[in-house]
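Residue-level structural notes
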Amino acid sequence: MCYANKGNYLQYANNIEPAQHARLDSLNDVFWIDSMVVSIGADSYFRWHDSGDLQGLWHLEKIAQVAQQTPHCLHWLPTREYAMVKEYIAKHGALPKNLIVRLSAMYVDKAVTVPASLQGIANIAISNVHTTKPIGTVCNAPAQQGKCLDCRECWTEKTISYKAH
Ligand code: SF4
């Protein structure tokens, strides 16, 4: 049911997939952190990953460094790699103040269970997925042609519930 396996992702796969792989390869570039900082520039909000996920602790550490070097910008990172987030917290103790990490649901209509080691950690948030009954604040994107527009709920610690699509 992944949205990245249908719609425009399928229709334009010939263009999108090579670009996704190029971005994946770029993670190992020594200039990746600096390049991300420059690309984000003066923007106030940044969302990581429209599809794909963390590749390892080292990847989250790089993202955290980008966040630390863009203190004017609020970052939102969705992930199902709970274990990598746990590794990060165990090693660093806290997330950067301007980085919200959203633990994405593993199952539809079942609330995320935050691992004990991540409970009470600042900037850890939850994203659930529902069919009929929301489990948290409902995402308005489906009513806005799939766009966030001026909504910034995912850059907060609120539990968000996305309609399964
Ligand atoms: S809750 Fe708001 S910010 Fe989050 S995806 Fe939906 S529209 Fe965008």
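Please read these numbers as outputs of a predicted model, since none were measured by experiment. (Residues numbered from 1 in each chain as written. Predicted model: local features only at pLDDT ≥ 70, side-chain atom pairs only at ≥ 80, totals over all residues. Heavy atoms only, no water.)

On to the overall build of the protein. A count of helices and strands for the protein gives five helices and six strands. For 165 residues, the compact-globule estimate of 2.2 N^0.38 gives 15 Å, and the C-alpha radius of gyration of the protein, at 16 Å, lies within 12% of that figure. Per-residue burial over the protein gives 38% buried out of 165 residues. In the protein, of all internal contacts separated by at least 6 residues, the share reaching a separation of at least 24 is 68%. A gap of 8 Å separates the mean positions of the 15 positive and 14 negative side-chain charges of the protein. (Helix = DSSP H or I, 4+ residues; strand = E, 2+ residues; numbered from the N terminus. Rg over C-alpha atoms; globule rule 2.2 N^0.38 Å. Buried < 20%, exposed > 50% of the residue type's maximum accessible area, 1.4 Å probe, protein only. Contact = heavy atoms within 4.5 Å. Lys, Arg positive; Asp, Glu negative; His and termini not counted. Charge placed at Lys NZ, Arg CZ, Asp CG, Glu CD.)

Counting 31 residues, the largest nonpolar core has Trp-32, Val-66, Leu-77, Val-101 and Leu-103 as the members making the most contacts within it. Counting only elements with at least two residues in this core, the list comes to helix H3 (32-40), helix H4 (57-68), helix H5 (82-92), strand E3 (99-104) and strand E4 (124-130). Non-local contacts of Leu-77, meaning those with residues more than four positions away in its chain, are made with Trp-48, His-49, Leu-54, Leu-60, Ile-63, Leu-99, Ile-100, Val-101 and Arg-102. Trp-76, Cys-154, Ile-160 and Tyr-162 belong to the second largest nonpolar core, which has five residues in total. (Core = buried A, V, L, I, M, F, W, Y, C linked by side-chain atoms within 4.5 Å.)

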